[in-house]
Amino acid sequence: MKPAKPTETQTATLAEIAREAGVSAPTVSKVLNGRADVAPATRTRVEELLRAHGYRRRRAEASRSPLIDLVFHELESAWALEVIRGVENVARDSGLSVVLSESAGRLTPGRTWADQVAARRPHGVVLVLSGLDESQRALLTSRSIPFVVMDPAGDPGPEVPSIGATNWQGGLAATRHLVERGHTRIGAISGPSRMMCSRARVDGYRAALETAGLPVDPSLVVAGDFHHDAGYRLGLQLLRRPDRPTAVFAGNDLQALGLYEAARELGLRIPEDLSVVGFDDLPVARWVGPPLTTVRQPLTEMAEAAARLVLELGREQEDRAATRVELATSLVVRSSTAAPAAV
């Protein structure tokens, strides 16, 4: 029998949900607490009723563990270390620890992860370049576990709090800098097209060219994956062209470093023969030779903001409108850009 559709004011108790599911109230409590000793079919039935009734554990009832869950879609670069540092800074000041998990490249964690989080009962969850499906959001919401998405891969939706950066403005600033140096043939190595931040940076690149009255050559825009190997492989592809670009916006610092390697292999000097701009301003950008001109994305500050927001959401007794924040990017000019060589 299907449950009646709840009204805005309808609130079901655990006893009512248990009666409707045909189980005991302690069984419903086990589901809420992520206990493993519940049959899968029973768990599914109870979860459906909790979601249908919009059940939400009162925060005063929620005994939280001293944890913040931090979830990456991939955990393998200096970029991730900057994010971990930011969340750890806030967690440490609040007397909390950080639990790290990775979704193996998927932009949505698996259901097993959601059950584990429900069992841990952390103060909150920060997801990086990831998101939650409807059932996962409902599960965390019913347990009063707040969540925030940092640098969302796609549009997280109006109901999901998120922290991002001004990616479009960063792509615009990077490309405008190259135009101002006198470059007219500028390539771009983007990140994955499925990621909103990647698309925004390329859109900024295109806008800078169009504003300067320069043509946008689609063949000079290649899609990478934000890793060093992609910068190297796609860099070779761009630089081996007979009409190669004189400058490249690499989309992120790791791809810029791969582009450096490709240029060295082809005997091209940076910046004399090729100007390069990255994105992120990782610590290595200052030490590579020549030091990399890049767009600073305040990763540590973004992570700190996400962690503070998720803790604030956990302390509030009433729901509030989802918060969407974008932190400013800024161009950091170093030695990897110059005027194009005279022909």
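Computed from a predicted model, the values in this text were never measured in an experiment. Note on numbering: residues in each chain are counted from 1, in written sequence order. Where local features are concerned, this predicted model is filtered to residues with pLDDT of at least 70; where side-chain atom pairs are given and counted, the filter is 80 or more; whole-chain, interface and lining totals use all residues. For the side-chain quantities, the full set of heavy atoms in the structure was used; hydrogens and water were omitted.

(A) Fine view of the overall build of the chain. Strands are runs of DSSP state E lasting at least 2 residues, helices are runs of H or I lasting at least 4, and numbering of each runs from the N terminus. Regarding its fold elements, the chain presents 12 helices and 12 strands. Burial classification: accessible surface area is computed with a 1.4 Å probe over protein chains only, and a residue below 20% of its type maximum counts as buried, one above 50% as exposed, and the rest as partly exposed. A burial count over the chain gives 52% of its 343 residues as buried. Accessible surface, the chain: about 15,300 Å² in total, of which carbon and sulfur atoms supply 52%. Note on areas: Shrake-Rupley, 1.4 Å probe, and residue coverage restricted to the protein chains presented here.

(B) Here's a closer look at the side chain of glutamate 82. Tracing the chain through its elements places glutamate 82 in helix α4 (residues 78–93). The exposure class of glutamate 82 is buried, given its relative accessible area of 15%. Two N or O atoms count as a polar contact when they lie within 3.5 Å, although within protein this holds only if one can serve as hydrogen donor and the other as acceptor, and sequence-adjacent residues are included solely when both atoms are side-chain atoms. At 3.3 Å, the side chain of glutamate 82 forms a polar contact with the side chain of threonine 300.

(C) Spatial organisation of helix α9 (residues 228–239). If you check α9, its first and last C-alpha atoms are 16 Å apart, about what 12 residues at 1.5 Å a residue would give, namely 16 Å. Every buried residue belonging to α9 is among Ala230, Gly231, Leu234, Gly235, Leu236, Leu238 and Leu239, and all of these are buried. It only takes one pair of heavy atoms within 4.5 Å for two residues to be counted as in contact. Buried residues belonging to α9 abut β6 (186–190), β7 (221–223), β8 (247–249) and α10 (253–265). Take the number of residues in a helix, subtract one, and multiply by 1.5 Å to get its expected span.

(D) Spotlight on helix α12 (residues 299–315). When the terminal C-alpha atoms of α12 are compared, their 25 Å separation across 17 residues agrees well with the 24 Å that a helix rising 1.5 Å per residue should span. For α12, the buried fraction is high: 13 of the 17 residues fall into the buried class.

(E) Focus on the pairing of strand β9 (residues 275–280). Most of β9 is tucked away, with six of its six residues classed as buried. Orient the strands so they point away from the viewer, and a crossover whose first-strand-to-second-strand path over the helix runs clockwise is right-handed. Assessed by its sense of winding, the connection that carries the chain from β8 through α10 to β9 is right-handed. Here, any two strands with at least 2 DSSP bridges between them count as paired. Note that β9 and strand β10 (residues 293–296) share four bridges and pair parallel. Each residue of the ladder has a partner; that of phenylalanine 279, found in β10, is valine 295.

(F) Highlighting the packing of helix α7 (residues 167–180) against helix α8 (residues 196–211). Close contact between α7 and α8 brings their axes to 7 Å; oriented N to C, the two are set at 40°. The hand of the α7/α8 crossing is right-handed. Within the contact between the two elements, α7 uses Asn167, Trp168, Gly171, Leu172, Thr175, Arg176 and Val179 and α8 uses Cys197, Ala200, Arg201, Asp203, Gly204, Tyr205, Ala207, Ala208 and Leu209. Considering only residue class, the contact of α7 with α8 consists of nine nonpolar, four polar and three charged. Lines are fitted to the C-alpha atoms to define the axes, a helix being fitted only along its stretch in contact, and any angle between axes, read from their N-to-C directions, falls within 0 to 180 degrees. Definitions for this section: a left-handed crossing has its near helix turned counterclockwise from the far helix by less than a right angle. A right-handed crossing has that turn clockwise. Any residue outside Ala, Val, Leu, Ile, Met, Phe, Trp, Tyr, Cys, Pro, Asp, Glu, Lys and Arg is labelled polar, Gly included; the first ten of those are nonpolar and the last four are charged.

(G) Examining the sheet that holds strand β5 (residues 162–165) more closely. Reading across from one edge, β2-β1-β3-β4-β5-β11 is the order of the six strands in this open sheet, with parallel pairing throughout. The open sheet is flanked by β2 (97–102) and β11 (324–327), the only strands paired with a single partner. Direction aside, neighbouring strands of the sheet carry axes that sit 20° apart on average. In this sheet, strand β4 (residues 147–150) lies alongside strand β3 (residues 124–128) in parallel orientation, the contact comprising four bridges. The residue bridging valine 126 from the neighbouring strand is valine 148, located in β4. α4 contacts β1 (67–72), β2, β3 and β4 of the sheet and is inclined by roughly 165° relative to β1. α12 rests against β1, β3, β4, β5 and β11 of the sheet, and its axis sits at about 165° to β4.

(H) Region of the structure containing the packing of aromatic side chains. Pairing of aromatic side chains requires ring centres within 6.5 Å, counting the rings of Phe and Tyr and the six-membered ring of Trp. Pairs whose planes differ by under 30 degrees are stacked, by over 60 edge-to-face, and all others tilted. Scanning the entire structure with this criterion turns up one aromatic pair. With centroids separated by 6.4 Å and ring planes inclined at 50°, the aromatic side chains of phenylalanine 249 and phenylalanine 279 adopt a geometry described as tilted. Placement of the pair is phenylalanine 249 in strand β8 and phenylalanine 279 in strand β9, with a sequence separation of 30 residues. By relative accessible area, which is 0% here, phenylalanine 279 ends up buried. Placement of a positive charge over a ring is assigned whenever Lys NZ or Arg CZ falls within 6 Å of the ring centre and within 35 degrees of the normal to the ring plane. Geometry around phenylalanine 279 places arginine 201 over its ring, the cationic atom sitting 3.8 Å from the centre.

(I) The arrangement of the side chain of arginine 201 in detail. With respect to the helices and strands, the residue arginine 201 is situated in helix α8. In this tally, Lys and Arg are treated as positive and Asp and Glu as negative; His is ignored, and so are the chain termini. Salt bridge, as applied in this entry: a Lys or Arg side-chain nitrogen positioned within 4 Å of an Asp or Glu carboxyl oxygen. Among buried charged residues, arginine 201 stands out as having no salt bridge; its nearest opposite-charge side chain is aspartate 280, 4.3 Å away. At 2.9 Å, the side chain of arginine 201 and the side chain of asparagine 167 are in polar contact. The contacts of arginine 201, once residues within four sequence positions are left out, are Asn167, Gly171, Phe226, Phe249, Gly251, Asn252, Phe279, Asp280 and Gln297.

(J) A look at the environment of valine 90. When you line up the elements, valine 90 lands in helix α4. Here the alpha-carbon distance between valine 90 and glutamate 304, two residues 214 residues apart in the chain, equals 6.0 Å. Setting aside its immediate chain neighbours within four residues, valine 90 contacts Glu304, Ala307, Arg308 and Leu311.

(K) Representation of the nonpolar core in the model. For this analysis, a nonpolar core means a set of buried residues of the types Ala, Val, Leu, Ile, Met, Phe, Trp, Tyr and Cys, connected via side-chain atoms within 4.5 Å. Ile189, Tyr205, Leu259, Leu274, Val276 and Leu292 are the most contacted members of the largest nonpolar core, which totals 35 residues. Element by element, the count of residues in this core is highest for α10, at five residues. Apart from residues no more than four positions distant in its own chain, leucine 292 is found in contact with Asp253, Ala256, Tyr260, Val276, Val277, Gly278, Ala285, Val332, Arg334 and Ser336. Within the second largest apolar cluster, 34 residues are counted, among which are Val126, Val148, Ala305 and Ala306.

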